[in-house]
Amino acid sequence: YFCRHGERWELQLKGSGKTPYSRNGDGRAVLRSSVREFLCSEAMHYLAIPTSRAASLVVSDDDVWRDQFYNGNINKERGAIVLRLAKSWFRIGSLEILAHSGELDLQRFEFNLHNNYISFLNKRMYIRLQRYIVSETANLIALWMSVGFAHGVCNTDNFSLLSITIDYGPFGFMDSYDPNFVPNTSDDERRYKIGNQANVGLFNLSKLLQALKPLLDPRQKQLASQILEGYGERYHNRFTELFKTKLGLLGENEDDNYLIAFLLKVSLLC
């Protein structure tokens, strides 16, 4: 950890080797993907899209073997390590795995620790934090869509509890509008295509709710379900707001949504 201007940031090395979470992988990263993460995380920051940051990139002398296109052709590549920063690296998957294994005391500890990062300090923090995550996740994905960004692997382990963009892997930007755009060559089922990101966000938030339920009383469970139901409206409103800004539309007009949908459809046909 380090502090800057009174803020606490957590440092993380990507590509430095095996960790307890590497499973069967070697924990290494290649120079190609490391440069992409460094550049894109900084670009997203200056596009005002919540994201982790990149502090440095170090090239390694070690060789790393990778099948870049998942087609059986394994090639030797140069290794690298990215030093990246975020105020918290907790993910929806961090709580999901604890709930699945029944480690509720550790789950409460992690939630309390994460709670300190965003200053929700009262006895209803679980509900307040869930409301925050639902709202900010909707905002984040709308921002992704506003710049044509597809994350590529939107599972619960890649969704931050701070609702920032993390784990830049097979991401991509659309050159032209295509809701079926998939930057991940291993995603044969197109689960994480750009047009499905909002739906996947809802799926991940439902997994968050499942992980929280053991910590909630009956009334809180009902309230948390209602908060989750509001995700779609929050996403739609933010998406519309961003695209109206792009088009220079002022005020409220019942035809705004039709115009946005029409222009996207025209873009698809071009």
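What you see is a predicted model; the values in this text were computed from it and never measured.

Definitions and limits used
Residues numbered from 1 in each chain as written. Predicted model: local features only at pLDDT ≥ 70, side-chain atom pairs only at ≥ 80, totals over all residues. Heavy atoms only, no water. Helix = DSSP H or I, 4+ residues; strand = E, 2+ residues; numbered from the N terminus. Buried < 20%, exposed > 50% of the residue type's maximum accessible area, 1.4 Å probe, protein only. Contact = heavy atoms within 4.5 Å. Areas by Shrake-Rupley, 256 points an atom, 1.4 Å probe, with all protein chains shown as cover. 1 Å grid on protein atoms, 1.4 Å probe; cavity = no way out; pocket = protein on both sides within 12 Å on 5 of 7 lines; lining within 4 Å. Points joined across faces, edges and corners; volume = space filled by probe spheres on them. Nonpolar A, V, L, I, M, F, W, Y, C, P; charged D, E, K, R; others polar. Core = buried A, V, L, I, M, F, W, Y, C linked by side-chain atoms within 4.5 Å. Domains from an automatic or database assignment.

Q: So what about the overall build of the protein? Which residues, and what values?
A: Across its full length, the protein carries eight helices and seven strands. Residues classed as buried in the protein amount to 44% of the 270 residues present. Counting contacts in the protein only where the partners sit at least 6 residues apart, residues at least 24 apart contribute 63% of the total. Approximately 15100 Å² of the protein is accessible, and the part contributed by carbon and sulfur atoms is 52%.

Q: Any chance you could break down empty space enclosed by the protein for me, citing the residues and the numbers?
A: Evaluation of the coordinates by the stated rule reveals one cavity of 30 Å³ or more. Considering the residues around the largest cavity, the lining is formed by Thr-137, Leu-140, Trp-144, His-151, Asn-158, Phe-159, Ser-160, Ser-163, Ile-164, Thr-165 and Ile-166. Looking at the lining of the largest cavity residue by residue, the classes come out as five nonpolar, six polar and no charged.

Q: I'd love a proper account of the layout of surface pockets, names of residues and values included.
A: Take a probe with the size of a water molecule and roll it over the atoms, and the empty space left behind shows itself. If you add up the space inside the second largest pocket, you get close to 350 Å³. As for the second largest pocket, its lining consists of 18 residues, and the residues nearest its centre are Met-145, Tyr-177, Phe-239, Phe-243 and Leu-264. For the lining of the second largest pocket, the elements supplying multiple residues, two or more each, are helix 4 (125-146), helix 7 (231-247) and helix 8 (256-269). Looking at the lining of the second largest pocket, its residues break down into 13 nonpolar, five polar and no charged.

Q: Describe the nonpolar core, and please don't skip the residues or the numbers.
A: If you look at the biggest cluster of nonpolar residues, it comprises 50 residues, and the most contacted ones within it are Ile-141, Trp-144, Leu-205, Leu-208, Tyr-235 and Phe-239. Put simply, the parts of the chain that give this core at least two residues each are helix 1 (31-46), helix 2 (92-101), helix 4, strand 6 (149-150), helix 5 (197-212), helix 6 (218-229), helix 7 and helix 8. Of the residues forming this core, the biggest block, 13 residues, is contributed by helix 4. Residue-level mapping places this core at the junction of two domains, with at least three residues from each of domain 1 (10-86) and domain 2 (92-247). If we skip the residues at most four places from it in the chain, Tyr-235 touches Ala-138, Ile-141, Ala-142, Met-145 and Ala-198. With five residues, the next largest nonpolar core counts Ala-86, Trp-89, Leu-162 and Ile-166 among its residues.

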